[in-house]
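Chain by chain, the residues run as shown.
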Amino acid sequence: MRQEFWQGTNLPRVGGFNRAVVLDAIRANGGVSRVELARRTGLTAQTMSNIVRALMADGLVTEDGHAPSTGGKRRVMLRVVPDAYQSVGLHLDPERITGVLLDLDGRVRARSTRRVAAGASPDAVVGALARTVGHLVRRSTAASTEDGEVEGGRVLGVGLAVPGPVDDAHRRVFSPPNLPGWPEVPLADLVEERAGLPVVMDNDATAAAIGERWSGGAERSGSFVYVYLGSGVGLGVVLGDQVYRGLSGNAGEVGHLPTGTGKECACGKRGCLEAYCSMRAVVAEWTAAGGAAGGAAISDAYQRICRDAARGDVAAARLLRQAASRLGQALATVVSVLDVDRVVLGGPALRHGGEIIRERVRRQLLGQVRAARARPVEVHSALIGEDAGAVGAASLVLDHAYSPRLATLLGG
Ligand SMILES: [Zn+2]
């Protein structure tokens, strides 16, 4: 059954280019008429009508209600069928694995997390990732056949988000600074083998940006820079509704760009952006100033500092602002180079101190960017919360399946 949807490249093939364009337009607009679709996609009414008929026959799209009357004949609205297909998203973080089951509407239908032991071997991590997939596939809507067999027939595939850098062509993680002791590991192939489902992989910031675009509909159309703040700092770049990956899949890998000459980074260099504003950096600064971290995991210690800051602890808030200022400076450069008008901040590092961080980044951008151009820059909170990496990873599968650009590459 799965073979029908896959062709040599490991990417789902659900139809041709026009079909992908139409499905993406229906999904992104959350309900749209045929007339509106033809206008948005530039296809003729006849072509449009044929494609919609095929999508409906395959159970991907359904007619649902009418558009508000504008005088003439009321238009039938088209929507995607959320459970037509699902995908599994995995986020491998240095401290934990988060998995989600996502439907075509971008909603999380099931969730599962596992701790990753410090210093875990790639083999142990691959096993844990595969078990998470198995758990989520069993929760999918088409989980059981009539004779009670478990089957992931409606799960299109697995998206895997990892800390960068990745080797896009070879599906490897390449000595990620946040996973010390990992050489080049062909992670996507290993998980694919063990989980028995096709796997697509991307770095976590790019995945999260794709998830944000998928789930955000009109609110996240156009161009924006998505900042993923988690164990590290990474950017996802969305330009004209398309994620820009770069030649090696590592566009937006800004965590180890030099921003000064000072602090030592986990990667061994000095002055990297992450040396100032990663969770680890904030916790290190806190303990160096005499604050208690209490031997907890980095993320737990970081969240405690953020909670203190949000409750009014002056020293903790100052520390967060300091980190956010450094981030804002780096973002001012990015925003000026790309000439985008929106920055979206997301990821688990914003759970408690988010408002303090956003406010400081906003101020920094206003000061540095406004002088250079006419248009102010807006700073938004991500629509997807802490699970941005996992939801983004699941979106990768859907994005690969339907995004017009990839459909072209697939020769659809
Ligand atoms: Zn570094």
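(A) Focus on the overall build of the protein chain. Counting secondary structure elements, the protein chain contains 13 helices and 18 strands. Within the protein chain, buried positions represent 48% of all 412 residues. At a minimum sequence separation of 6, the contacts of the protein chain that also span at least 24 residues come to 62%.

(B) Expanded view of the confidence of the model for the protein chain. Residue-level pLDDT values for the protein chain average 82, and 85% of them are 70 or greater. Under a pLDDT of 50 for its full length, residues 1-14 has, in the predicted model, 26 contacts with residues more than four places off or in other chains.

(C) Layout of the nonpolar core. Core analysis: the biggest nonpolar cluster contains 118 residues, and L160, V191, Y226 and V343 have the highest contact counts within it. In terms of residue count, the dominant contributor to this core is helix α10 (residues 314-338) (10 residues). Discounting chain neighbours no more than four positions away, the residues touching Y226 are A205, A208, A209, E212, L235, G236, V238, V344 and G346.

(D) The pairing of strand β17 (residues 342-346), seen in detail. By the criterion of burial, β17 is predominantly enclosed, with four of the five residues buried. By the bridge criterion, four bridges tie strand β14 (residues 224-229) to β17 in an arrangement that is parallel. Bridge pairing in β17 links Y228 to G346. Relative to strand β18 (residues 378-381), β17 runs parallel, the two being bridged by four bridges. When the bridges of β18 are listed, R342 appears paired with E378.

(E) View of the sheet that holds strand β15 (residues 233-239). Reading across from one edge, β16-β15-β14-β17-β18 is the order of the five strands in this open sheet, with mixed pairing throughout. Looking at which strands have only one partner, the edges of the open sheet turn out to be β16 (242-244) and β18. Across the sheet, the axes of successive neighbouring strands diverge by a mean angle of 30°, strand direction being ignored. As paired strands, β14 and β15 are joined by six bridges and run antiparallel to one another. Considered in β15, the bridge of L229 is made with V233.

(F) Summary view of unusual backbone geometry. Backbone geometry at D241 places phi at a positive 70°, although glycine is not the residue there. By the secondary structure assignment, D241 is in the loop between β15 and β16. Under the C-beta neighbour-count criterion, D241 is labelled partly exposed, with 15 such atoms within 10 Å. In this structure, D339 takes a positive phi of about 55° despite not being glycine.

(G) Quick look at the environment of I357. Mapping I357 onto the fold places it in helix α11 (residues 354-369). Classification of I357 by C-beta neighbours within 10 Å gives buried; the count is 26. Spatially, the C-alpha atom of I357 lies 5.3 Å from that of A324, the residues being 33 residues apart in sequence. Residues in contact with I357, not counting those within four places in the same chain, are L320, A324, L345 and L350.

About the criteria used
- Residues numbered from 1 in each chain as written.
- Predicted model: local features only at pLDDT ≥ 70, side-chain atom pairs only at ≥ 80, totals over all residues.
- Helix = DSSP H or I, 4+ residues; strand = E, 2+ residues; numbered from the N terminus.
- Buried ≥ 20, exposed ≤ 12 C-beta atoms within 10 Å, placed from the backbone.
- Contact = placed C-beta atoms within 7 Å.
- pLDDT = per-residue confidence, 0-100.
- Core = buried A, V, L, I, M, F, W, Y, C linked by C-beta atoms within 7 Å.
- Pairing = 2+ DSSP bridges.
- Axes fitted to C-alpha atoms, helices over the stretch in contact; angles between N-to-C directions.

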